[in-house]
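Examining the three-dimensional arrangement
Here are the chains, one letter per residue:
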Amino acid sequence: MIGKVKIKKIQFPSRGEALIYIAFEDSLKKDQNLRLLNELTAGKLQEKFKLYDFSGNENEILSLELYGFYKEIIIAGVRRENWQESLANAFRLAQTKKISEVTFFYNQNFGDNFFEVAKKVALAFYLTNYSFDCFKNKQERQKTRKIEVLNFVIPANFSGQNEKEVFHLLEKGVNYGRLLAEGVYLARDLVNQPASHLYPQTLMQEAFKIEKESGGQIKVNVLDENECRRLGMGAFLAVAQGSDRKPMFIVLKYQTLLSKRGSSKEKVNSICLIGKSITFDSGGLSLKPSEGMETMKIDMAGGAVVLGVFKILAHLGKIGLNIDKEVYGILPACENMPSGKALKPGDIVSCLNGKTIEVLNTDAEGRLTLADALVYAQKYLKTDVIIDLATLTGACMVALGKEIAGLFGNDDSLSKEFLQTAKKEGEKLWQLPLYEPYAKNLKSTVADIKNITGDRYGGAITAALFLSEFVKDAKWIHLDIAGPAFSYETRGTTSQGATGWGLLTIIDFLKNYGS
Ligand code: BES
Ligand code: ZN
Ligand code: ZN
């Protein structure tokens with residue numbers, strides 16, 4: 001990961017290669033620093049403000065030179081709640097200008113939650129430095145510009161809280177932001193890797209790497225094909241059977257320090273994260289058309305986010321932040337391929353809980369792998385809460401578009417808390433209903449349930465209803481991330497390609513849930 005954040009205290013505006021200054025829309029006129037910049041540039045700033053009709057609005061960015069101080073001053077307008085994306089856009093502008101060191105000034109407008117501000121700044125900095133170019137030649141790779149140093153500055157006239165304490169909080173926030181970015185980098189890298197290079201075994205190796213890094217806090221257990229058969233995971237194995245790549249049912253466990261202490265009085269919540277992990281979805285014998293298939297390496301984006309979360313859990317203790325919960329992760333990893341051994345439309349498979357499923361479309365495979373994972377979590381891990389992330393349906397993209405994920409849940413207060421967390425973290429999420437009357441369309445004439453309904457309407461809902469048939473004892477949230485798992489454009493903290501959507505919300509949710 002390229003980039004270093006240095007925390008400093010210097011007189012505004014200081015000097016250096018580039019200054020990034022965030023101008024809050026509602027305090028544009030009162031801002032002393034902007035006034036000073038205007039004086040130093042002999043009124044140029046005001047001129048530019050006028051010329052470009054700059055009102056400090058979101059996505060307004062302008063740049064100017066300040067001779068003797070900076071080669072470049074980038075001023076980004078922001079609305080109060082969304083400054084992180086504007087800051088990220090300012091970093092991106094600096095990158096295109098081939099700037100390698102930027103100075104960011106904290107000002108009172110950011111409020112006094114220093115930890116949170118530093119976390120967001122560091123996160124924006126590292127996420128905009130992300131690129132996936134390991135398959136490009138060296139010259140091409142060098143063309144993607146990165147900012148090497150970010151000076152995070154609190155102004156010399158800063159007064160108020162104990163300075164030492166403020167520095168400590170800023171440092172902690174920067175370390176946390178960096179760690180979060182590391183998790184997002186991992187999730188993005190895994191999704192961006194093509195299926196030629198990433199398959200169930202690769203995900204397993206990644207899980208073992210995380211186990212090793214965690215120094216004992218994370219344990220990984222992988223069930224191979226035989227073990228899955230012995231338990232009765234017929235739905236998961238049916239999806240995998242057409243591929244030459246062996247399926248891996250990967251289970252991770254994060255043990256909190258609290259439960260290690262074995263205190264009987266303190267109740268430790270246990271949460272299970274399940275990530276859809278189809279390393280390539282060709283559709284199977286219900287083969288996808290070429291246009292639908294070309295992005296299907298992303299069909300393990302849910303699993304990638306789960307691994308990203310565990311990567312963060314593995315290192316949280318080292319920066320003095322711990323999560324006092326038991327967290328499980330499940331990646332039912334396999335490929336969905338057509339072949340002489342492949343699952344056929346009309347086949348009936350049997351899930352870990354004994355329910356039989358008539359498979360009428362082999363392209364509705366995610367719900368089959370998730371059915372076994374959901375039952376496994378309840379039967380063997382006995383977790384109170386289950387959250388699954390899945391690139392599950394094109395229908396969810398039709399409903400909510402490419403940026404918004406769909407949430408379904410069987411517990412209103414859990415869903416509400418999760419939605420609030422997503423909003424705070426800037427990940428777009430909208431609740432859709434688990435509308436029970438539609439469940440009758442999943443009735444099969446020959447088995448307990450079938451894996452598709454007769455039509456396309458409400459496809460995200462009926463997929464969620466299918467999953468809900470396998471949830472009995474747990475509070476549960478299902479996130480359909482087919483839209484936001486992948487982005488066609490680079491903007492703000494998002495890069496073209498894999499996004500890592502969901503990771504930030506889940507980490508924050510794990511931190512706060514039940515406490
Ligand atoms: N992996 C796809 C869903 C998907 C589509 C993810 C586009 C990301 C982008 C899933 O396995 C699938 O093929 N779903 C079918 C279900 C249908 C056959 C009921 C779909 O959405 O068309
Ligand atoms: Zn599919
Ligand atoms: Zn799929």
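Rules and cut-offs
- Residues numbered from 1 in each chain as written.
- Chains lettered and ligands numbered in written order.
- Predicted model: local features only at pLDDT ≥ 70, side-chain atom pairs only at ≥ 80, totals over all residues.
- Heavy atoms only, no water.
- Salt bridge = Lys/Arg side-chain N within 4 Å of Asp/Glu carboxyl O.
- Helix = DSSP H or I, 4+ residues; strand = E, 2+ residues; numbered from the N terminus.
- Buried < 20%, exposed > 50% of the residue type's maximum accessible area, 1.4 Å probe, protein only.
- Donors = N, O, S within 2.8 Å, 3.2 Å for Na, K, Ca; no water.
- Tetrahedral: all angles 85-135°; square planar, octahedral: opposite > 155°, others 65-115°.
- Polar contact = N/O pair within 3.5 Å; in protein donor to acceptor, adjacent residues only side chain to side chain.
- Contact = heavy atoms within 4.5 Å.
- Domains from an automatic or database assignment.
- Buried area = accessible area lost by both parts, 1.4 Å probe.
- Pairing = 2+ DSSP bridges.
- Axes fitted to C-alpha atoms, helices over the stretch in contact; angles between N-to-C directions.

Moving on to the pattern of salt bridges. Under the counting rule described, the total for this entry stands at 22 salt bridges. As a salt-bridge pair, Lys97 and Glu72 come within 3.4 Å of each other at their nearest N and O atoms. Highlighted residues: Lys97 in the loop between α3 (83-96) and β5 (101-105) and Glu72 in strand β4 (residues 70-78), separated in sequence by 25 residues. By relative accessible area, which is 14% here, Glu72 ends up buried. A network of salt bridges, in which partner residues are shared, links Glu116, Lys119, Lys424, Glu425 and Asp508.

Metal coordination angles have textbook ideals: 109.5 degrees for a tetrahedral set of four donors and 90 or 180 degrees for an octahedral set of six. Protein-derived ligands of the zinc ion (ligand 3) are Lys276 (NZ), Asp281 (OD), Asp299 (OD) and Glu365 (OE), with the metal-ligand distances lying across 2.0 to 2.4 Å. One can describe the site at the zinc ion (ligand 3) as octahedral: its six donor atoms subtend angles covering 78 to 173° at the metal. If you list the donors of the zinc ion (ligand 3) from N- to C-terminus, the spacing comes out as K-x4-D-x17-D-x65-E. Separation of the zinc ion (ligand 3) from the zinc ion (ligand 2) amounts to 3.2 Å, with Asp281 serving as a shared donor to the pair. Taken together, the positions of Lys276 in the loop between β9 (270-275) and β10 (277-281) and Asp299 in the loop between α11 (290-293) and α12 (301-316) put the pair 23 residues apart, joining distant regions of the chain.

Now for unusual backbone geometry. A cis amide bond links Phe12 to the next residue, Pro13, at an omega of 0°. Mapped onto the elements, Pro13 comes out in the loop between β1 (4-10) and β2 (16-24). The residue Ala42 is not glycine, and still its phi comes out positive at about 50°. Its location among the elements puts Ala42 in the loop between α1 (32-40) and α2 (44-51). Ala42 gets classed as exposed once you look at its relative accessible area, which sits at 65%. Although it is not a glycine, Asp53 adopts a positive phi angle of roughly 60°.

Next up on the list: the side chain of Asn129. By secondary structure assignment, the location of Asn129 is in the loop between α4 (114-128) and α5 (138-143). Its relative accessible area of 2% is what places Asn129 among the buried residues. At 2.9 Å, the side chain of Asn129 and the backbone oxygen of Ile147 are in polar contact. Those residues within four positions of Asn129 in sequence are excluded, and the remaining contacts are Ile2, Gly3, Gln95, Lys146, Ile147 and Tyr185.

So, on to the domain arrangement of the protein chain. Per the domain assignment, the segments of the protein chain are domain 1 (4-180) and domain 2 (195-512). Measuring from the centre of the C-alpha atoms in domain 1 to the corresponding centre in domain 2 gives 37 Å. Listed by partner, the interface residues are 18 residues for domain 1 and 20 residues for domain 2. Among the residues domain 1 hides against domain 2, the three largest losses belong to Arg92, Tyr176 and Leu179. Together they make up 34% of the total. For the interface between domain 1 and domain 2, the tally reads one salt bridge. Between Glu425 and Lys119 there is a salt bridge, with the nearest N and O atoms lying 3.4 Å from each other. Where domain 1 packs against domain 2, one counts five residue pairs in polar contact (both at pLDDT 80 or more). At the level of elements, α3, α4 and α6 (163-192) are the ones that each hand at least two residues to the side of domain 1 that touches domain 2. Considering each element in turn, the side of domain 1 that touches domain 2 owes the most residues, seven residues, to α4.

Now for the sheet that holds strand β6 (residues 149-155). Read from one edge of the open sheet, six strands run β1-β6-β5-β2-β4-β3, paired in mixed fashion. If you trace the sheet from one side to the other, it starts and ends with β1 and β3 (61-66), each paired once. Strand-to-strand twist in this sheet, taken as the mean axis angle between neighbours without regard to direction, amounts to 25°. Bridging between β3 and β4 involves five bridges; their strand directions are antiparallel. Across the sheet, the residue bridging to Leu64 is Ile73, located in β4. Its contacts with the sheet put α2 on β3 and β4, and the angle it makes with β3 is roughly 155°.

Looking now at the coordination of the zinc ion (ligand 2). Donor atoms from the polypeptide that coordinate the zinc ion (ligand 2) comprise Asp281 (OD), Asp363 (O), Asp363 (OD) and Glu365 (OE), at 2.0 to 2.2 Å from the metal. Of note is the zinc ion (ligand 2), whose six donor atoms meet at the metal with angles of 71 to 168° in an arrangement that counts as irregular. The motif formed by the donor residues of the zinc ion (ligand 2), counted along the single chain, is D-x81-D-x1-E. Judged by its relative accessible area of 23%, Asp363 falls in the partly exposed class.

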